[in-house]
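# Reading the structure
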Amino acid sequence: MTEAWQRDGRLDPALQFPPWSPASRPLRAVLLTGATGFLGAFVLEELLRRHPVQVFCLVREEPGLEEPGLEEPGLEEPSQPGAARIHRHLQSLGLWDPAFVARIVPVVGDLGLPRLGLEEEAFLALADQVEAIFHCGVVAHFLRPYAALRAVNVGGTTELLRLAGTGGSRPFHHVSTLAVFFDRAGFDGGTTVGGTTVGGTMVSEEDDPEPQGLRSGYVRSKWAAESQVREAMQRGLPATIHRTSRITGHSQTGATRSSEDLLSRMIKACILLGSYPVLPITVSMMPVDYVARAIVHLSSMQQSLGKTFHLFQPAPIPWLDLVGMIGEAGYPLVAMDYDGWRAKLKQAAMADHPEREALAGLWLLLGPDSALLGGRPSHKTPNSDLCLAGSGIQCPPITPALLRCYLAFFRQRGFIPAAAQ
Ligand SMILES: NC(=O)c1ccc[n+]([C@@H]2O[C@H](COP(=O)([O-])OP(=O)(O)OC[C@H]3O[C@@H](n4cnc5c(N)ncnc54)[C@H](OP(=O)(O)O)[C@@H]3O)[C@@H](O)[C@H]2O)c1
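What counts as what
- Residues numbered from 1 in each chain as written.
- Predicted model: local features only at pLDDT ≥ 70, side-chain atom pairs only at ≥ 80, totals over all residues.
- Heavy atoms only, no water.
- Near = heavy atom within 4 Å.
- Polar contact = N/O pair within 3.5 Å; in protein donor to acceptor, adjacent residues only side chain to side chain.
- Areas by Shrake-Rupley, 256 points an atom, 1.4 Å probe, with all protein chains shown as cover.
- Helix = DSSP H or I, 4+ residues; strand = E, 2+ residues; numbered from the N terminus.
- Contact = heavy atoms within 4.5 Å.
- Buried < 20%, exposed > 50% of the residue type's maximum accessible area, 1.4 Å probe, protein only.
- Core = buried A, V, L, I, M, F, W, Y, C linked by side-chain atoms within 4.5 Å.
- Axes fitted to C-alpha atoms, helices over the stretch in contact; angles between N-to-C directions.
- Parallel < 35°, antiparallel > 145°, perpendicular 65-115°, else oblique.
- Nonpolar A, V, L, I, M, F, W, Y, C, P; charged D, E, K, R; others polar.
- Pairing = 2+ DSSP bridges.
- Arc of directions from axis to C-beta.
- Salt bridge = Lys/Arg side-chain N within 4 Å of Asp/Glu carboxyl O.

## Details of the site of the ligand
Around the ligand, 25 residues are found, and the nearest of them are T36, R60, D110, Y218 and K222. R60 is positioned such that a nitrogen or oxygen atom in its side chain is 2.7 Å from an oxygen atom of the ligand. Within the contact set of the ligand, an oxygen atom lies 2.5 Å away from a side-chain nitrogen or oxygen of Y218. Burial of the ligand by the surrounding chains reaches 87%, relative to a free accessible area of 910 Å².

## Let's talk about the side chain of T244
Considering the arrangement of structural elements, one finds T244 in strand β9 (residues 239-244). Other than its neighbours up to four places away in sequence, T244 contacts V175, S176, T177, L178, M286, V291 and L311.

## Some details on the environment of P316
By the secondary structure assignment, P316 is in the loop between β12 (308-311) and β13 (317-318). For P316, a relative accessible area of 23% puts it in the partly exposed group.

## Let's talk about the nonpolar core
Counting residues in each nonpolar core, the largest one holds 45 residues, and the members touching the most others are L39 and L44. Of all the secondary structure elements, the ones that give two or more residues to this core are β1 (29-33), α2 (38-50), β2 (54-59), α3 (83-92), α9 (288-299), β12 and α13 (382-388). Discounting chain neighbours no more than four positions away, the residues touching L39 are C136, V175, I247, V288, V291, A292 and I295. Counting residues in each nonpolar core, the second largest holds 39 residues, with I267, I281, L322 and V323 among its members.

## Considering the packing of α2 against α3
Two elements in contact, α2 and α3, have axes whose closest approach is 10 Å; the angle formed by their N-to-C orientations is 90°. Comparing the axis directions of α2 and α3 gives the class roughly perpendicular. Counting all contacts with α2, which are made through F38, A41 and L44, the residues of α3 involved are I86, H89 and L90. Here the residues of the contact of α2 with α3 are counted per class, giving 5 nonpolar, 1 polar and no charged.

## Let's talk about the sheet that holds strand β5 (residues 172-177)
The 7 strands lie next to each other as β3-β2-β1-β4-β5-β9-β12, forming an open sheet whose pairing is parallel. In this open sheet, the two edge strands, each paired with only one partner strand, are β3 (104-108) and β12. Sheet twist, expressed as the average angle between the axes of neighbouring strands with direction ignored, equals 20°. Sheet topology note: the β1/strand β4 (residues 133-135) ladder contains 3 bridges and is parallel. Considered in β4, the bridge of L32 is made with F134.

## Notes on helix α10 (residues 319-328)
Residues W319, L322, V323, M325 and I326 constitute the buried set of α10. Summarising the axial view, the buried residues of α10 lie within an arc of 155°, below the 170-degree limit, and thus occupy one face. Next to the buried residues of α10 lie α8 (262-273), β10 (275-277), β11 (282-283), β13 and α14 (400-412). Once α10 ends, the next one or two residues include G330, with phi positive near 105°.

## Here we look at the pattern of salt bridges
Should their charged atoms come close, side chains of opposite charge can pair. For the coordinates displayed, the defined rule picks out 15 salt bridges. Note that R49 is salt-bridged to E45, the shortest N-O span being 2.9 Å. Note that R49 and E45 are positioned in helix α2 at a spacing of 4 residues, about one turn of the helix. Here D97 ties to R49 by a salt bridge, and the two come within 3.3 Å at their closest N and O atoms. Within this pair, whereas D97 is found in the loop between α3 and β3, its partner R49 is found in helix α2, the two being separated by 48 residues in sequence.

If you want it as structure tokens, here you go:
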């Protein structure tokens, strides 16, 4: 039987997309969602650096979130509502450039509301101004039920598709997740032998993921949103879909907002406990600057329209190699079997450990079989192979230097303690 979330994958039949033809001049204005998030901030910077565009950013203005003033020299007091949040966020990730001020246009709204929370007139005016839409906004919460994520993740996508077809069609660039393939019971991620994944399901950019078997509310909501975008493409919308795997910090600065992801929490817990679990798995890290560059580059090519792209780390490394790199970076760790390490984690989380909340959060996420960290399928990427060829855009490898860069950023933010001398 089809469940409600699967039915949400059907696009409103009223939405139609008139034929589109590209302008013969460079883009002037685009709409971006999620600029105050992790990936969205890097996409914003990439758009501003690579293209002479104005970027309209849909941003929530929540009471208490708006910062009164900005102390950074050269940072003007923002005059438009929502601007302070974007400015401060870019600043916190080392992305701020005072020259951006005039080119970032905040649009205060909400993905979870009809017409993005805008009055009819403002919605139509926005459609009139923007020539393309980049959709990175999301509520990314693995433990919340589908119903709690539906309005923003699915409804927000519907409203953006409505905008994309208002007064003519405009290209729509949608960020999705590879978890629409992986997050299912019985998914065969292959077996790790000597650090290499053998066998397992082959996932292709040309596959449409089946909804059956998807487990988490978050991934269900991503599937439903993506399914709507695919249907819009069938109705003529010029669009691209970018399914990404886990995104990690900037390859040169380590800047990240995602220190709450599973791998970062694992690294932190290993450092705090002075030990690591022996796991026969590979781990993947994909720097955010690579992802943002690839998305903006692919989205600017006409031959990309109508295609789906998979962005992932092509050379994951054995967990034990990563642990070795952590040790070399000044955090010597002792090996433990997985059950013993989980028990130690639980003990620390229940004791008076200063970081007990972080440790307890990880313990809740880690199952007895460490399934969340395992399994990397094989990939077929005909679209990325074609459209990224010759661009020089490649996912950086996972090296000791990359890991040191990440640890330095974690230290600077107080996420992990100083290394042993
Ligand atoms: N990060 C990863 O490892 C990863 C992996 C696979 C796929 N992805 C995909 O990449 C995209 C970006 O993810 P991310 O990690 O950058 O997410 P994120 O850091 O959690 O950022 C989410 C963004 O969406 C905005 N947002 C949330 N609710 C909103 C609402 N009601 N109205 C307007 N804006 C709202 C947030 O604004 P506020 O600041 O106001 O909350 C924030 O700017 C998503 O499509 C995600 O599924 C990410």
